[in-house]
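# Coordinate analysis (summary)
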Amino acid sequence: MAKQDKHLHQRVASGRRGLPKSSSGTGLTIVIKLGTSSICDEITHFPLLSTLSLIVETILKLKAQGHRVVLVTSGAIGVGLRRLNLASKPKDLAQVQAIAAVGQGRLMSLYDDLFSQFNQPIAQILLTKNDLADRTQYLNACNTIDALLEMGVVPIVNENDTISVSEIRFGDNDTLSAITAGMIHADYLFLMTDVDCLYTDNPRTNPDAKPVMTVDDIAALKDKVSVASAGSSLGTGGMVTKLIAAELATAAGVTTVISRGSTPQNIFQIISQPIQHVGSVSPKPDSETAEATNALAGATISSLPLHTRFLAKDNPMVDRKWWILHGLHAAGTIYIDQGAYKAITNASQKSSLFAAGIVDCKGTFVAQQSVRVVYKPRDYLKKNEQGQVVEEYNGPEEIDLGKGLVNYASHEILRIKGCHSRQIIDRLGYADAECVIHRENLTRTKVIQA
């Protein structure tokens, strides 16, 4: 294991996962994401100094309590529009990136002015997905942020909009904040926005919309709430991107909170009351225990300011697999058969992916690049003797099973697909590995309990 990898692994193992620590114990690591709507007025593009001042004061008070804080900020384009006296964001990519270049310097100057009132040093970190695709660069980014926090500096992270293109963009700063939280093994990620919390529908148009306070199953939540509304005219996000960010962060063991950006002082009350999963009370809680725990959690939540809390996963991904899944751009897609699908999604089996289970691959890639692993259920429905499908299926056309690092290039996989491992040398004249993706390099997004 490389020295940097070992250093990062030691930090993971030090207990920064699971239920967040109490504020009376060792300090928490907190990532605060501030959206464009909390930084700039949507019409005039003037900075919202009252909100920004409250954010700065909140961060300083959190640091005084012994917590480590990272700020992920949007707003470069909004600030750039104000500086250039432009009324709206243009559609041309080059123009948008030029405006971001103007605005990023002004935005950091604004933060530096505010933090300097309290003699607090800050640091600018600009990232793209491409920066994290290389394992060494990913670890360097993690260790740099960690070093800044140890020095008492407040890192301020933003996407490098000036050079980002669609292939290497995070897409929005909600996703960037989730990636950042996962990288540094944060205890909390706060997504500060222009509403108090997630609602069952848009509260601006539906007066019957109900607040959602605690979520421990995001997949089930998506079926029960409507999050179709888009973000502001300046931002790129909305509530949909916040659910995606919550899914990414909770998978890494980070408790994620949606809260109103204009009242950041609520963070203190929220972190003072960590909420556990009902299932963590006992291995198999009976209905009476579960009911009592739900009642206790409900009473605790109801005493707090309005917010939505997404509970961290009990068994978060280890760092390397998190990096494979979220740090790497997929260079291609491998399609697998039913047998391979059952093998790699079986929680107890955790199989590698062998050539025998591959039916096709798309894209051009080389060994050690990241690819998607996909299963097409319709290809394996029951058929009669005439070849007609006799089994009903209403699910998706493709099931995305995860991502992995391949041992063979795409042109090699097309030659060895469907063959046994011992036949690889006959097909290629050599055999670099007996499997196409080793289980340690395969990150699964779908796992079926045996």
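Conventions used here
- Residues numbered from 1 in each chain as written.
- Predicted model: local features only at pLDDT ≥ 70, side-chain atom pairs only at ≥ 80, totals over all residues.
- Heavy atoms only, no water.
- Helix = DSSP H or I, 4+ residues; strand = E, 2+ residues; numbered from the N terminus.
- Buried < 20%, exposed > 50% of the residue type's maximum accessible area, 1.4 Å probe, protein only.
- Contact = heavy atoms within 4.5 Å.
- Areas by Shrake-Rupley, 256 points an atom, 1.4 Å probe, with all protein chains shown as cover.
- Core = buried A, V, L, I, M, F, W, Y, C linked by side-chain atoms within 4.5 Å.
- Pairing = 2+ DSSP bridges.
- Axes fitted to C-alpha atoms, helices over the stretch in contact; angles between N-to-C directions.
- Polar contact = N/O pair within 3.5 Å; in protein donor to acceptor, adjacent residues only side chain to side chain.
- Patch = residues over 30% accessible without salt bridge, like charges linked within 9 Å, V, L, I, M, F, W, Y side chains within 5 Å.
- Salt bridge = Lys/Arg side-chain N within 4 Å of Asp/Glu carboxyl O.
- Phe/Tyr/Trp six-rings, centres within 6.5 Å; stacked < 30°, edge-to-face > 60°.
- Lys NZ or Arg CZ within 6 Å of the ring centre and 35° of its normal.

Named according to an unreviewed UniProt entry, the protein is PUA domain-containing protein originating from Linnemannia gamsii.

Looking only at helices and strands, the protein has 15 helices and 15 strands in total. Expressed as a percentage of its 450 residues, the buried residues of the protein come to 50%. Summarising the internal contacts of the protein: among those between residues at least 6 apart in sequence, 77% fall at separations of at least 24. Working note: accessible area of the protein is about 21000 Å², and carbon and sulfur atoms make up 50% of it.

Moving on, we come to the nonpolar core. Across soluble globular proteins, nonpolar side chains show a tendency to be buried alongside one another. In this structure, V31, Y138, M183, L189, L198, L221 and F310 are the most contacted members of the largest nonpolar core, which totals 49 residues. When residues of this core are traced back to their parent elements, those giving at least two are β2 (68-73), β3 (122-127), α6 (135-150), α7 (173-183), β5 (188-193), α8 (218-222), α9 (239-251) and α12 (319-326). Aside from chain neighbours lying at most four places away, what touches F310 is L198, V215, I218, L221, L243, A246, T250, V254, T255, T256 and I258. By size, the runner-up hydrophobic cluster in this structure holds 31 residues, among which are L28, I39, L71 and L110.

If you check the backbone angles, N85 has positive phi at about 55 degrees while not being a glycine. Positionally, N85 belongs in the loop between α3 (76-83) and α4 (93-116). Positive phi values are uncommon outside glycine, yet H185 reaches one of about 55 degrees. With respect to the secondary-structure elements, H185 resides in the loop between α7 and β5. Overall, the relative accessible area of 1% leaves H185 in the buried class.

This brings us to the sheet that holds strand β1 (residues 29-34). Ordered by their spatial adjacency, eight strands build an open sheet running β3-β4-β2-β1-β5-β9-β10-β8, and the pairing between neighbours is mixed. Every other strand in the sheet has two partners, leaving β3 and β8 (214-215) as the edge strands with one partner each. This element, α6, spans β2, β3 and β4 (154-159) of the sheet and lies at about 125 degrees to β2. Along the sheet, α9 contacts β1, β5, β9 (255-260) and β10 (308-310); its crossing angle with β9, the most-contacted strand, is approximately 150 degrees.

With respect to the secondary-structure elements, R68 resides in strand β2. Looking at R68, its side chain comes within polar contact range of the side chain of D146, at 2.7 Å.

In this section: the sheet that holds strand β15 (residues 442-444). Working definition: the strands of a sheet are paired by backbone hydrogen bonds and lie parallel or antiparallel to each other. Read across the sheet, five strands follow the order β12-β11-β13-β14-β15 without closing on themselves; strand pairing throughout is mixed. On the outer flanks of this sheet lie β12 (358-362) and β15, each paired with one strand and no other. Averaged over all neighbouring strand pairs, the angle between strand axes comes to 25 degrees, with direction disregarded. The sheet contact formed by strand β13 (residues 370-375) and strand β14 (residues 399-405) spans six bridges and is antiparallel. Within β14, the position partnered with Y375 by the bridge is I399. Sheet contacts for α12: β13, β14 and β15; angle to β14, the most-contacted strand, approximately 115 degrees.

Right, let's talk about α7 for a bit. A large share of α7 lies buried, amounting to 11 of its 11 residues. Downstream of α7 by a residue or two, H185 has a phi angle that is positive, lying close to 55 degrees.

The next subject is a nonpolar patch on the surface. A grouping of L84, L86 and V102 is seen on the molecular surface, where their side chains present a nonpolar patch of about 200 Å² in accessible area. Structurally, the position occupied by L86 is in the loop between α3 and α4. You can call L86 partly exposed: its relative accessible area is 35%.

This part covers the environment of K376. Along the chain, the position of K376 falls in the loop between β13 and β14. When its relative accessible area of 31% is taken as the criterion, K376 is described as partly exposed. On a C-alpha basis, the gap between K376 and Q338 in space is 8.5 Å, while along the polypeptide they are 38 residues apart. Those residues in contact with K376, other than ones at most four positions away along the chain, are Y335, E397 and E398.

Turning next to the packing of aromatic side chains. Evaluation of the coordinates by the stated rule reveals three aromatic pairs. Ring plane angle 50 degrees and centroid distance 6.3 Å describe the contact between Y138 and W323, whose orientation is recorded as tilted. A residue pair is termed long-range when its members are at least 10 positions apart, and Y138 in helix α6 and W323 in helix α12 qualify at 185 residues. Assigned by exposure class, Y138 and W323 land together as buried. Above the face of the F46 ring, R82 is positioned so that its terminal group lies 4.3 Å from the ring centre. Sitting above the plane of the Y335 ring, K376 keeps its charged end 4.8 Å from the centroid.

This brings us to the pattern of salt bridges. For the structure shown, the criterion picks out nine salt bridges. Among the salt bridges present, the one from E150 reaches R68, with a minimum N-O distance of 2.5 Å. In this pair, E150 is assigned in helix α6 and R68 in strand β2, connecting sequence segments 82 residues apart. Notably, a salt bridge pairs D196 with R260, separated by 2.9 Å at the nearest N-O pair. Of this pair, D196 sits in the loop between β5 and β6 (198-199) while R260 sits in strand β9, and the two are 64 residues apart along the sequence. Given the relative accessible area of 26%, R260 is considered partly exposed. Residues joined in a network through salt bridges with shared partners are K33, D174 and K242.

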